[in-house]
Amino acid sequence: MKSPPDHFLNQIIGQTVESVYQVDFNENKDTHLPWLLFITFVRFDKYLEIEGGFDGDHIKLDLNALSELNFRLKENDFKDFPDLWQVYEARQTETIGKLIHQSIAKCEYGIDKDEFMINGNIVKGQKDLFTFIRFYYNNNYITVAAGSAELSILDKDHNDLHFKDTFDIYVA
């Protein structure tokens, strides 16, 4: 595992999660996984945005100013249209909700290798794209990864990352 200097994810280490918002087609997140996650932190002026589905193999991570959050929540909330996505606040009983009120001890994340082999073919990686992010808290962890066109949210007991040889793992 590598630790690149001054990565923006270093800023969330030691921060306590205040809330998690999910953007999804329905409130039953066990059968349909989210497209977007917004994670806020106690007394921290930024929120983490995790987006899935832009190519099915990667996720997009951004640390944005907290002042932008209300706009992003409204922009993705179509409650009057049942066929479109809506914003839901995660409950602590959900897998991603286990992060609420927890301090982030460390993060691991995967970024495409420059080159890797699949089925005997050499593939050029996209070195700036994330494959997963794993949040460590209180002797546990939760992983958010690309899952076809959505985000997969896996807890410690269900952490099966596919194509392990296609990405490098870094620690923040």
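Caption draft 1: Spotlight on the overall build of the protein chain. Each helix and strand counted, the protein chain has one helix and 12 strands in total. Classification of the 172 residues of the protein chain by burial places 47% in the buried group. When contacts within the protein chain are restricted to residue pairs at least 6 apart in sequence, long-range pairs at least 24 apart make up 58% of them. Carbon together with sulfur atoms contributes 48% to the accessible area of the protein chain, which is approximately 9300 Å² in total.

Caption draft 2: Spotlight on the nonpolar core. Within the largest apolar cluster, 31 residues are counted, with the highest numbers of intra-cluster contacts made by Leu48, Ile50, Ile133 and Phe135. If one sorts the elements of this core by residue count, strand β9 (residues 130-137) sits on top with four residues. Filtering out sequence-adjacent residues up to four positions away, Leu48 remains in contact with Phe8, Leu9, Ile12, Leu37, Phe38, Ile39, Phe41, Asp62, Leu63, Ile133 and Phe135. Core analysis: the second largest hydrophobic core is formed by eight residues, Val23, Tyr47, Leu69 and Val87 among them.

Caption draft 3: Main features of the sheet that holds strand β5 (residues 86-89). Here we have five strands laid out as an open sheet, ordered β4-β3-β2-β1-β5, and antiparallel in their pairing. The sheet terminates laterally at β4 (60-65) and β5, the two strands that pair on one side only. Adjacent strand axes in the sheet meet at a mean angle of 20°, parallel and antiparallel pairs treated alike. As paired strands, strand β1 (residues 17-24) and strand β2 (residues 36-41) are joined by six bridges and run antiparallel to one another. Bridge pairing in β2 links Tyr21 to Phe38.

Caption draft 4: Region of the structure containing the pattern of salt bridges. Tallied over the full model, the rule gives five salt bridges. A salt bridge links Glu94 to Arg91; the nearest nitrogen and oxygen atoms lie 3.9 Å apart. Here the residues in one salt-bridge network are Glu49, Arg72 and Glu75, joined through shared partners.

Caption draft 5: Local environment of the pairing of β2. Counting buried positions along β2 gives six out of six residues, so the element sits mostly inside the fold. The side-chain alternation of β2 yields two buried faces, one formed by Leu36, Phe38 and Thr40 and the other by Leu37, Ile39 and Phe41. Looking at chain direction, β2 and strand β3 (residues 46-51) are connected through five bridges and run antiparallel. If you follow Phe38 over to β3, its bridge partner there is Glu49. Linking β2 to β3, which pair antiparallel, is a turn of four residues; within it Arg43 sits at a positive phi near 50°.

Caption draft 6: Summary view of the packing of aromatic side chains. For the coordinates displayed, the defined rule picks out six aromatic pairs. Where Tyr109 meets Tyr170, the ring centres are 5.7 Å apart and the plane angle is 20°; that geometry is what we call stacked. Highlighted residues: Tyr109 in strand β6 (residues 106-112) and Tyr170 in strand β12 (residues 167-171), separated in sequence by 61 residues. For the pair Tyr109 and Tyr170, one class covers both residues: buried. Taken together through their ring pairs, the aromatic side chains of Phe8, Tyr109, Phe130 and Tyr170 make up a single cluster. Over the ring of Tyr136 we find Lys106; its NZ or CZ atom is 4.6 Å from the centre of that ring.

Caption draft 7: Expanded view of the side chain of Thr143. Within the element layout of this structure, Thr143 appears in strand β10 (residues 140-147). For Thr143, a relative accessible area of 0% translates into the label buried.

Caption draft 8: Summary view of unusual backbone geometry. You will see that Asn138, though not glycine, has its phi angle at about 40°, which is positive. By the element assignment, Asn138 lies in the loop between β9 and β10. In the Ramachandran plot, Asn139 falls in the positive-phi region, its phi being about 65° despite a non-glycine side chain. Mapping Asn139 onto the fold places it in the loop between β9 and β10. The exposure class of Asn139 is exposed, given its relative accessible area of 73%.

Cut-off values and rules
- Counting restarts for each chain: residues are numbered from 1 in the order of the written sequence.
- The predicted origin of the model limits local features to residues at a pLDDT of at least 70 and limits the giving and counting of side-chain atom pairs to 80 or more, whereas totals for whole chains, interfaces and linings rest on all residues.
- To get the side-chain values, all heavy atoms of the structure are used, and hydrogens and water are removed first.
- Counting from the N terminus, the helices are DSSP H or I runs at least four residues long and the strands are E runs at least two residues long.
- Accessibility here uses a 1.4 Å probe with only protein chains present; expressed as a share of the type maximum, an area under 20% marks a residue as buried, one over 50% as exposed, and anything in between as partly exposed.
- Note on contacts: a residue pair is in contact if any heavy atoms of the two residues lie within 4.5 Å.
- Using the Shrake-Rupley algorithm and a 1.4 Å probe, accessible areas are obtained, with residue cover drawn only from the displayed protein chains.
- Put simply, a nonpolar core is a bunch of buried Ala, Val, Leu, Ile, Met, Phe, Trp, Tyr and Cys residues held in one set by side-chain atoms that sit within 4.5 Å of each other.
- By definition, two strands form a pair when at least two bridges between them are found by DSSP.
- Angles shown run from 0 to 180 degrees and are taken between the N-to-C directions of axes, each axis being a line fitted to C-alpha atoms and, for helices, limited to the stretch in contact.
- Salt bridges are defined by distance alone: a side-chain nitrogen of Lys or Arg within 4 Å of a carboxyl oxygen of Asp or Glu.
- Under the pairing criterion, centres of Phe, Tyr and Trp rings, with the six-membered ring standing for Trp, must be within 6.5 Å; the plane angle then separates stacked pairs below 30 degrees from edge-to-face pairs above 60, leaving the rest tilted.
- Here, a charge over a ring means that NZ of Lys or CZ of Arg falls within 6 Å of the ring centre while also lying within 35 degrees of the ring normal.

Any functional reading would require information that these geometric values do not contain.
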